[in-house]
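Now for the letters of each chain:
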Amino acid sequence: MGWESEQENTKEPVDKAKRVWYGILICLVIMPILLWATHEEKVYNSRVKVKHILVSAPENDVSARAVALEKIQDVKRQLDEGANFEKLAKLYSDDESSNTRGGMLGWYIRKEFVKPFDDYVWIGEIDAVSDPIETSFGYHLIVVVDRTISDAEQYQLELNERMLQLNRGVSE
């Protein structure tokens, strides 16, 4: 019969909707994998990781401040001679929240510290012990462990630098 040969030569109709759904399913599986593999941690806020030694003294007590200054200068001398910061923090720091952790305060963003402390942590050298810094709490020795500047702040710093260069060029 002739009708059998005609059926053998004709292609079965393709279900295009099924192919589209298979494509979507494959994309849903592959996309999260690609996003995970290419993930880059973005820093949205500048932050700093700090440890310190605090020798506390009442703000209005001049004699207590003088004693605290002598004590912090002695600790600084020991550190300059190679003593271990974490051990000295446990021995001498009056900050009960950090002295048991070797003076480690952790990560902070801008303006979370009192002004003199905050000013230093954003400009101080990484892994260097500061000179004694006086705040309303007493005297601190600060070590900046790590610092991360956000992209937006980095851009602002670059703009400020360019403006300074342009201003110098105009004034010459």
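In case you missed it, the structure is sitting above this.
(A) The side chain of Asp-95, seen in detail. With respect to the helices and strands, the residue Asp-95 is situated in the loop between helix H4 (85–92) and strand S2 (104–109). Although Asp-95 is buried, it makes no salt bridge; Arg-101 carries the closest opposite charge, 6.6 Å away. Separated by 2.8 Å, the side chains of Asp-95 and His-52 make a polar contact. Residue contacts for Asp-95: discarding those within four places in its chain leaves His-52, Leu-54 and Leu-105.

(B) Molecular detail of the pattern of salt bridges. Across all of its chains, the model carries seven salt bridges by this definition. Across the pair Lys-115 and Asp-119 runs a salt bridge, and its minimum N-O distance is 3.1 Å. Of the two residues, Lys-115 and Asp-119 are both situated in helix H5 (residues 115–123); the distance of four residues between them amounts to about one turn of the helix. Here Lys-115 falls in the exposed class, since its relative accessible area comes to 58%. Accessibility expressed as a relative area gives 36% for Asp-119, which makes it partly exposed. Each of Asp-74, Arg-77 and Glu-81 takes part in salt bridges that share partners, so that together they form one network.

(C) Representation of the packing of helix H3 (residues 62–80) against H4 within the structure. Where H3 contacts H4, the two axes come as close as 10 Å, and the packing angle between them is 160°. In terms of axis orientation, H3 runs roughly antiparallel to H4. The two elements H3 and H4 cross, and the hand of that crossing is right-handed. For the pair formed by H3 and H4, the contact residues are Lys-71, Val-75, Gln-78 and Leu-79 on the first element and Phe-85, Leu-88 and Tyr-92 on the second. Here the contact of H3 with H4 is composed, by residue class, of five nonpolar, one polar and one charged.

(D) Representation of the layout of surface pockets within the structure. As a volume, the largest pocket reaches approximately 190 Å³. His-52, Leu-54, Asp-95, Ser-97, Leu-105, Tyr-108, Glu-112, Phe-113, Val-114, Phe-117, Phe-137 and His-140 are the residues that line the largest pocket. Across the lining of the largest pocket, the residue classes break down as seven nonpolar, three polar and two charged.

Reading the values: rules and limits
Residues numbered from 1 in each chain as written. Predicted model: local features only at pLDDT ≥ 70, side-chain atom pairs only at ≥ 80, totals over all residues. Heavy atoms only, no water. Helix = DSSP H or I, 4+ residues; strand = E, 2+ residues; numbered from the N terminus. Buried < 20%, exposed > 50% of the residue type's maximum accessible area, 1.4 Å probe, protein only. Lys, Arg positive; Asp, Glu negative; His and termini not counted. Salt bridge = Lys/Arg side-chain N within 4 Å of Asp/Glu carboxyl O. Polar contact = N/O pair within 3.5 Å; in protein donor to acceptor, adjacent residues only side chain to side chain. Contact = heavy atoms within 4.5 Å. Axes fitted to C-alpha atoms, helices over the stretch in contact; angles between N-to-C directions. Parallel < 35°, antiparallel > 145°, perpendicular 65-115°, else oblique. Left-handed = near helix turned anticlockwise from the far one by under 90°. Nonpolar A, V, L, I, M, F, W, Y, C, P; charged D, E, K, R; others polar. 1 Å grid on protein atoms, 1.4 Å probe; cavity = no way out; pocket = protein on both sides within 12 Å on 5 of 7 lines; lining within 4 Å. Points joined across faces, edges and corners; volume = space filled by probe spheres on them.

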